[in-house]
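For reference, the chains in residue letters:
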Amino acid sequence: MKRKAVFPGSFDPITLGHYDIIKRGVSLFDEVIVAIGVNADKKYMFSLEERKKFIEESFKDNPKVSVITYEGLTIDLCRKLDAQFILRGLRNPADFEFEKAIAHTNRKLSQIETVFLLTASKTSYISSSIVRDVIRNGGDYTVLVPESVVVKKEK
């Protein structure tokens, strides 16, 4: 049986930390499905199409990585895709506490295991919210994201 993992998130935008987790996840699983969650109540900086394109472009040469969008519970998506694992990255102790509660809930509601990977020390400080703040304030965001993330200049 193929080992499939779903890596869920909003990826607004994908960061070098996300990129690292996906790259390392590919060595553990036969397939990594990057699942962009849709939350109608959330205001995103990048459109769903842009976020999907950024990730697809970053992994265009890796057939083990696919990108989809979804709504609803991640465990329902995993069941639909026959994925046995949820992949998550941990940057710090606060991430661990938050993610642990979700992982316990997911395991209680399903047989799907969550696999945590620690982010690389060189990317552990990067979050999508920090990247968005850098972009909003005209900073050099390119050192925080894969090359595929390009911000259109407003005229």
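Throughout what follows, the structure given in this document is the object of discussion. Each chain carries its own residue numbering, running from 1 in the written order of its sequence. Only residues with pLDDT of at least 70 are given local features in this predicted model, and only at 80 or more are side-chain atom pairs given and counted; all residues enter the totals for whole chains, interfaces and linings. Processing note: side-chain calculations cover all non-hydrogen atoms of the structure and skip hydrogens and water entirely.

### Some thoughts on the overall build of the chain
Link 1 in the chain: Runs of H or I in DSSP of at least four residues are treated as helices and runs of E of at least two as strands, each being numbered from the N terminus. Helix and strand counts for the chain come out as five helices and five strands.
Link 2 in the chain: When we talk radius of gyration, it's over C-alpha atoms, and the globule rule is simply 2.2 Å times the number of residues to the 0.38. Taken against the 2.2 N^0.38 rule, which gives 15 Å for 155 residues, the C-alpha radius of gyration of the chain at 15 Å falls within 12% of a compact globule.
Link 3 in the chain: The C-alpha extent of the chain, read off along each of the three principal axes, is 50 × 35 × 30 Å.
Link 4 in the chain: Taking all 155 residues of the chain together, the buried fraction comes to 44%.
Link 5 in the chain: Residue pairs at least 24 apart in sequence account for 76% of intrachain contacts in the chain once pairs closer than 6 positions are excluded. The buried label applies to any residue whose accessible area, calculated with a 1.4 Å probe on protein chains only, is under 20% of its type's maximum; exposed applies above 50%, and partly exposed to all values in between. Note on contacts: a residue pair qualifies if any of its non-hydrogen atoms lie within 4.5 Å across the two residues.

### A look at the packing of aromatic side chains
Link 1 in the chain: What counts as a ring pair is set by centres within 6.5 Å for rings of Phe, Tyr and Trp (its six-membered ring), and what kind of pair is set by the plane angle: stacked under 30 degrees, edge-to-face over 60, tilted for all other angles. All chains considered together, the criterion is met by five aromatic pairs.
Link 2 in the chain: Considering the side-chain rings of F7 and F11, the 5.4 Å spacing of their centres and the 70° angle between planes classify their relative orientation as edge-to-face. Note on accessibility: F7 and F11 belong to one class, buried.
Link 3 in the chain: Relative to F85, the ring of F29 lies with its centre 5.2 Å away and its plane at 45°, an arrangement referred to as tilted. Taken together, the residues span a long stretch of sequence, with F29 in the loop between α1 (16–26) and β2 (31–37) and F85 in strand β4 (residues 85–90) at a distance of 56 residues.
Link 4 in the chain: A relative accessible area of 4% places F29 in the buried class.

### Quick word on the pairing of β2
Link 1 in the chain: Here β2 lies mainly inside the structure; seven of its seven residues are buried.
Link 2 in the chain: Alternating residues of β2 divide into E31, I33, A35 and G37 and V32, V34 and I36, and every residue in both groups is buried.
Link 3 in the chain: Where strand β1 (residues 4–9) and β2 come together, six bridges link them in parallel fashion. Looking at β2, one finds that K4 is bridged to E31.
Link 4 in the chain: The handedness rule is simple: strands pointing away from the viewer, and a clockwise path from the first strand over the helix to the second, make the crossover right-handed. Once you follow β1 into α1 and on to β2, the crossover reads as right-handed.
Link 5 in the chain: Note: β2 against strand β3 (residues 65–70), six bridges, orientation parallel. When the sheet's bridge partners are listed, I33 is paired in β3 with S66. The pairing criterion for strands is at least two bridges between them, as found by DSSP.

### Looking at helix α3 (residues 74–81)
Link 1 in the chain: Taken together, the buried positions of α3 are occupied by T74, I75, L77 and C78. Buried residues in α3, looked at end-on, bunch into an arc of 155°, giving them a common side.
Link 2 in the chain: In this structure, the buried side of α3 is in contact with β1, β2, β3, β4 and α4 (93–109).
Link 3 in the chain: Phi turns positive, to about 55°, at D82, one or two residues after α3. To be clear, the arc concerns the directions from the helix axis to the C-beta atoms.

### Some details on the nonpolar core
Link 1 in the chain: Counting 26 residues, the largest nonpolar core has I22, I55 and L87 as the members making the most contacts within it.
Link 2 in the chain: If you list the elements that add at least two residues to this core, you get β1, α1, β2, α2 (48–58), β3 and α5 (128–136).
Link 3 in the chain: If we skip the residues at most four places from it in the chain, I55 touches F11, I14, V34, I36 and V67.
Link 4 in the chain: The next biggest cluster of nonpolar side chains, apart from the first, holds ten residues, and it includes I33, A83, I86 and I112. We call a set of buried Ala, Val, Leu, Ile, Met, Phe, Trp, Tyr and Cys residues a nonpolar core when their side-chain atoms join them within 4.5 Å.

### Regarding the sheet that holds β1
Link 1 in the chain: Taken together, the five strands give an open sheet; going across it, the order is β3-β2-β1-β4-β5, and neighbouring strands pair in parallel fashion. Every interior strand has two partners, whereas the edge strands, β3 and β5 (113–118), have only one. Strand-to-strand twist across the sheet, computed as the mean angle between neighbouring axes with direction ignored, equals 30°.
Link 2 in the chain: Taken together, the six bridges between β4 and β5 define a ladder with parallel strand orientation. Note on β5: the bridge partner recorded for L87 is V115.
Link 3 in the chain: Interaxial angles span 0 to 180 degrees and are taken between N-to-C directions of axes, which are lines fitted to C-alpha atoms, for helices over the stretch in contact. Together, β1, β2, β3, β4 and β5 form the strand contacts of α1, whose direction differs from that of β5 by roughly 120°.
Link 4 in the chain: Against the sheet, α4 contacts β4 and β5, and its axis sits at roughly 170° relative to β4.

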